[in-house]
Amino acid sequence: MKGIEFKGKAMEYFGIWLANILLTVVTIGIFSAWAKVRRLKYFYNNTNILENSFAYHATGWQILKGRIIALVAILILGAGSAYIPGFSFISFLIIFFLLPFIINSSLKFNARMISYRNIRFNWYGNYKQTFLYFVLGPVISFISLGFLHPFFTKYYYTYYANNHSYGTSRFSAETTVKKYYLDSIKSGFLPVLIIFYSIIIYTIWDIASLMVWDVDYIDSMWISSGSEIERIISYNLNYNLGNYSNSFSNLLFILIPIIFLTNFIYRIFARNMLLRAMILNNSNNKEISANFDSKLNPATYLWIIISNAIIVPITLGLMSPWAQIRFYKYLSHSTKIEIVGDLNLFLDTEKKNLSSLGEEYAEMEGIEVNI
């Protein structure tokens, strides 16, 4: 298998990055839409598979239009929440049930604007499944205290892969829930999450028990006056709650970074597993296909993220282009692809299918969704 080659250079990209910042500031943010197009065109045009690069086709006007629509919607919902009683809850429901539509539009736009050898990608997700895996899934995972997180990760990742296509050929990736649970254990994410929620539940239970004990204790003090009882209750509760508050704050300070770290590692394991299972079969010729692999190393990946996060602020952002190129180059190099059969036959078949079926274009850029 060959790694995806990225030919971008930090010094070359620095000029684009600096011009984007200056023009965005001068135009009070309006140029940011064109800045995004220039940035993505640079990265895609320098990403090669078998000596052929990707192309990015979106325009600044398309992205700006989507942002204006989003801004108008936010202003309308904000004004309604400010002047209409109870409209905040209605706004929440509107956004909650609109999210799948926004996500699908965004995924279709992002896919349709990318091509490889003049054949575009596409997204075929539907409202129902996007709502289940992208919106309800995280909520249910949280309510389940993290136990269902690997379960929904499996369906989120496979749904994301299986509903993308290259031309008329669909990607497919079949994995098992068991593997995601094993990766969540191997990364330490699920054990840490279980410990975290167990401590929260124990703490809440212990505080409730102390409050009940205080009431029983005070009832036994029949000789005390009402004011004395009130004083003792207040003192005991404040003292106990204060101790638990300090202990819980210290616990959060330790555990939350560990949860983020282990979840980060878990997502790397999940991405590697998904790409290793992913196949792109030609829609008409099953003898032609593309197989994938991912060899992201959690230690190397984390080192790049952490060192970038340190270097960029120290240099007042001037090393940001270098950091972006460095990260993307590692991501590309770690992603492998193998073409089985004649790639030219694959491309010829796709072009014939597309010319007979026509192409559907999306016009709404929005939420970024990745794996």
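For the structure, see preceding data.
Throughout what follows, the structure given in this document is the object of discussion. The structure displayed is predicted, hence computed values, not measured ones.

Parameters and conventions
- Residues numbered from 1 in each chain as written.
- Predicted model: local features only at pLDDT ≥ 70, side-chain atom pairs only at ≥ 80, totals over all residues.
- Heavy atoms only, no water.
- Helix = DSSP H or I, 4+ residues; strand = E, 2+ residues; numbered from the N terminus.
- Buried < 20%, exposed > 50% of the residue type's maximum accessible area, 1.4 Å probe, protein only.
- Contact = heavy atoms within 4.5 Å.
- Areas by Shrake-Rupley, 256 points an atom, 1.4 Å probe, with all protein chains shown as cover.
- Axes fitted to C-alpha atoms, helices over the stretch in contact; angles between N-to-C directions.
- Parallel < 35°, antiparallel > 145°, perpendicular 65-115°, else oblique.
- Nonpolar A, V, L, I, M, F, W, Y, C, P; charged D, E, K, R; others polar.
- Salt bridge = Lys/Arg side-chain N within 4 Å of Asp/Glu carboxyl O.
- Patch = residues over 30% accessible without salt bridge, like charges linked within 9 Å, V, L, I, M, F, W, Y side chains within 5 Å.
- Pairing = 2+ DSSP bridges.
- Polar contact = N/O pair within 3.5 Å; in protein donor to acceptor, adjacent residues only side chain to side chain.
- Phe/Tyr/Trp six-rings, centres within 6.5 Å; stacked < 30°, edge-to-face > 60°.
- Lys NZ or Arg CZ within 6 Å of the ring centre and 35° of its normal.
- Core = buried A, V, L, I, M, F, W, Y, C linked by side-chain atoms within 4.5 Å.

## As for the overall build of the protein
Here's step 1: Within the protein, the regular secondary structure consists of twelve helices and eleven strands.
Here's step 2: Looking at the protein as a whole, 41% of its 371 residues are labelled buried.
Here's step 3: Excluding contacts between residues fewer than 6 apart, the proportion of contacts in the protein whose partners are at least 24 apart in sequence is 74%.
Here's step 4: When the accessible surface of the protein is summed, it comes to about 20800 Å², and 69% of that surface belongs to carbon and sulfur atoms.

## Quick look at the packing of helix 4 (residues 87-112) against helix 5 (residues 127-143)
Here's step 1: Two numbers describe how helix 4 lies on helix 5: the axes approach to 9 Å, and their chain directions differ by 105°. The pairing of helix 4 with helix 5 is recorded here as roughly perpendicular in orientation. Mapping the contact onto sequence places Phe96, Phe97, Leu99, Pro100, Phe101, Ile103, Asn104 and Leu107 in helix 4 and Tyr127, Thr130, Phe131, Phe134, Val135 and Leu136 in helix 5.
Here's step 2: Here the contact of helix 4 with helix 5 is composed, by residue class, of twelve nonpolar, two polar and no charged.

## Focus: the pattern of salt bridges
Here's step 1: The tally for this structure, following the rule as stated, stands at four salt bridges.
Here's step 2: Three or more residues joined by partner-sharing salt bridges are found here, namely Arg276, Asp293 and Lys295.

## Some points on unusual backbone geometry
Here's step 1: Of note, Glu51 is a non-glycine position whose phi angle comes to about 70°, a positive value.
Here's step 2: Residue placement: Glu51 occurs in the loop between strand 3 (47-49) and strand 4 (52-56).
Here's step 3: Positive phi, normally seen in glycine, also occurs at Leu145, with a value near 60°.
Here's step 4: Among the secondary structure elements, Leu145 is positioned in the loop between helix 5 and helix 6 (149-162).

## Describing a nonpolar patch on the surface
Here's step 1: A cluster of nonpolar side chains, Phe89, Ile90, Phe92, Leu93, Ile94, Phe97, Leu98, Phe101, Ile102 and Tyr127, forms an exposed patch at the surface whose accessible area comes to about 920 Å².
Here's step 2: Per-element accounting of the nonpolar patch gives the leading share, nine residues, to helix 4.
Here's step 3: The topology assignment puts Ile90 in helix 4.
Here's step 4: Exposure remark for Ile90: the relative accessible area of 40% places this residue in the partly exposed category.

## Things to note about the environment of Leu274
Here's step 1: In this fold, Leu274 is placed in helix 9 (residues 226-277).
Here's step 2: Given the relative accessible area of 1%, Leu274 is considered buried.
Here's step 3: Separated by 102 residues in sequence, Leu274 and Ser172 have C-alpha atoms that sit 9.7 Å apart.

## Considerations on the pairing of strand 8 (residues 169-173)
Here's step 1: Because side chains alternate across strand 8, one face comprises the buried residues Ser169, Phe171 and Ala173, and the other comprises Arg170 and Ser172, none of which is buried.
Here's step 2: One ladder, built from two bridges, connects strand 7 (residues 164-166) with strand 8; its direction is antiparallel. Among the inter-strand pairings, Tyr166 is bridged to a residue of strand 8, identified as Ser169.
Here's step 3: Hairpin connection, strand 7 to strand 8: the antiparallel pair is bridged by two residues, and Gly167 has positive phi, about 65°.

## Here we look at the side chain of Thr158
Here's step 1: Considering the arrangement of structural elements, one finds Thr158 in helix 6.
Here's step 2: At a separation of 2.8 Å, a polar atom in the side chain of Thr158 contacts the main-chain carbonyl oxygen of Lys154.
Here's step 3: Thr158 has contacts with Ala173, Thr175 and Leu274, leaving out every residue within four places of it along the chain.

## Quick look at the pairing of strand 11 (residues 335-340)
Within a regular strand, the side chains alternate between the two sheet faces.
Here's step 1: Sheet topology note: the strand 1 (residues 2-3)/strand 11 ladder contains two bridges and is antiparallel. Considered in strand 11, the bridge of Lys2 is made with Ile337.
Here's step 2: For strand 10 (residues 289-294) and strand 11, the ladder comprises six bridges, and the chain directions are antiparallel. Across the sheet, Ser289 pairs through a bridge with Val340, a residue of strand 11.

## Here we look at the packing of aromatic side chains
Here's step 1: With the rule as written, the count across this model stands at 34 aromatic pairs.
Here's step 2: One aromatic cluster is present, formed by Trp123, Tyr133, Phe134, Phe151, Phe152, Tyr155, Tyr156, Tyr157, Tyr159, Tyr160 and Tyr180 through successive ring pairs.
Here's step 3: Above the face of the Tyr155 ring, Lys154 is positioned so that its terminal group lies 4.3 Å from the ring centre.

## Some remarks on the sheet that holds strand 10
Consider a sheet: its strands pair through backbone hydrogen bonds, and that pairing is either parallel or antiparallel.
Here's step 1: One open sheet holds the eleven strands; their spatial order is 1-11-10-9-8-7-6-5-4-3-2, and the pairing between them is antiparallel. Because the sheet does not close on itself, it has two edges, and the strands there are strand 1 and strand 2 (5-6).

## Focus on the nonpolar core
Here's step 1: Counting 55 residues, the largest nonpolar core has Tyr56, Phe121, Phe134 and Tyr166 as its most contacted members.
Here's step 2: The element contributing the most residues to this core is helix 9, with seven residues.
Here's step 3: For Tyr56, the residues in contact, after removing those within four places along its chain, are Val37, Leu40, Lys41, Tyr44, Asn45, Ile63, Phe109, Met113 and Ile114.
Here's step 4: One finds Tyr13, Tyr42, Phe43 and Ile325 within the second-largest nonpolar core, a separate group that totals seven residues.

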